Amino acid sequence: MSRPTFIECDRLELKPPEEDDIKFLREGVNHPKVRRYISVFRTPYTEERYRDELWPREHDEDTVSLLAVPTDGDFSGEPIGSVQLAPVNHTDGYANFGVWFHPKAWGEGYALEASAHLLAYGFQELRLHRLSATVMAPNEDSKSLCERLGFVHEGTARQSQFANGDYVDVERYGY
């Protein structure tokens, strides 16, 4: 898959998704370890449902959605995750940050690298004033990622989402 590089990182390239990436994207959002803490992925996506609900959003002008593609190593040239700023509110200089990576690539620092470059793009190129992130409280890895990126914990919405058969708190972060 040769797609243009949108942001060049140290070990990764961030690239816009293309039609050929739908299989990987569906596999990722349907993976039990990915979807357990992302409420929009709560129920599995068929290809048709993915195309109807998520694919148009990948190409919305108020969304920056990029695939993380390593430049070397075991996963070289293949997408391993996705980082997003969505929606981008240009009037107020605001966006919400989102990220997910396939479990096969967890623990390698890819999420931190891709996210840091995306945030820099948001502030420098899009001239955003503020970013937010919401994380289900049991998701320790995502909370740690937000904190390592420099997000500040702004509050907790108690029992505001349903995950794994229980209502869970949601942590709210701002940058």
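The paragraphs below set out a description of the structure included in this document. (Residues numbered from 1 in each chain as written. Predicted model: local features only at pLDDT ≥ 70, side-chain atom pairs only at ≥ 80, totals over all residues. Heavy atoms only, no water.)

Now for the overall build of the chain. Regarding its fold elements, the chain presents 6 helices and 8 strands. A compact globule built from 175 residues would reach a C-alpha radius of gyration of about 16 Å, and the chain, at 15 Å, matches this within 12%. Considering only C-alpha atoms, the chain reaches an extent of 45 × 35 × 30 Å along its principal axes. A separation of at least 24 residues holds for 58% of the contacts in the chain among residues at least 6 apart in sequence. (Helix = DSSP H or I, 4+ residues; strand = E, 2+ residues; numbered from the N terminus. Rg over C-alpha atoms; globule rule 2.2 N^0.38 Å. Contact = heavy atoms within 4.5 Å.)

Spatially, β1-β2-β3-β4-β5-β6-β8-β7 is the arrangement adopted by the 8 strands of the open sheet, whose pairing is mixed. Looking at strand neighbours, the two that pair on one side only are β1 (7-8) and β7 (152-163), the edges of this open sheet. Sheet contacts for helix α1 (residues 22-30): β3 (64-70), β4 (81-89) and β5 (94-101); angle to β5, the most-contacted strand, approximately 90°. (Pairing = 2+ DSSP bridges. Axes fitted to C-alpha atoms, helices over the stretch in contact; angles between N-to-C directions.)

A few words on the side chain of Glu113. Along the chain, the position of Glu113 falls in helix α5 (residues 110-124). On the basis of relative accessibility, which here comes to 11%, the residue Glu113 falls in the buried class. In terms of polar contacts, Glu113 uses its side chain to reach the backbone amide nitrogen of Arg11, at 2.5 Å. (Buried < 20%, exposed > 50% of the residue type's maximum accessible area, 1.4 Å probe, protein only. Polar contact = N/O pair within 3.5 Å; in protein donor to acceptor, adjacent residues only side chain to side chain.)

In this section: the packing of aromatic side chains. This structure, assessed with the given rule, holds 7 aromatic pairs. Members of the aromatic cluster, each reached through a chain of ring pairs, are Phe97, Phe123, Phe151 and Tyr175. Here Arg49 stacks its cationic end above the ring of Tyr45, 3.9 Å away from the centre of that ring. (Phe/Tyr/Trp six-rings, centres within 6.5 Å; stacked < 30°, edge-to-face > 60°. Lys NZ or Arg CZ within 6 Å of the ring centre and 35° of its normal.)

Before going further, it helps to examine the packing of α5 against helix α6 (residues 140-149). Contact pair α5 / α6: the axes reach a minimum separation of 10 Å and the direction vectors enclose 45°. Classified by the angle between their axes, α5 and α6 sit oblique to one another. For the pair α5 and α6, the sense of crossing is right-handed. Residues Ala111, Leu112, Ser115, Ala116 and Leu119 of α5 touch α6, and the partners they reach there are Leu145, Arg148 and Leu149. Among the residues forming the contact of α5 with α6, the class breakdown is 6 nonpolar, 1 polar and 1 charged. (Parallel < 35°, antiparallel > 145°, perpendicular 65-115°, else oblique. Left-handed = near helix turned anticlockwise from the far one by under 90°. Nonpolar A, V, L, I, M, F, W, Y, C, P; charged D, E, K, R; others polar.)

Across all of its chains, the model carries 7 salt bridges by this definition. The closest approach of N and O atoms between Glu47 and Arg51, which form a salt bridge, is 3.0 Å. Linking Glu47 with Arg51, this pair stays in helix α3 (residues 47-53), spanning 4 residues, or about one helical turn. By relative accessible area, Glu47 is classed as partly exposed at 39%. Residue Glu53 pairs with Arg49 through a salt bridge whose shortest N-O separation is 3.1 Å. Of this pair, Glu53 and Arg49 both sit in helix α3, separated by 4 residues, roughly a single helical turn. (Salt bridge = Lys/Arg side-chain N within 4 Å of Asp/Glu carboxyl O.)

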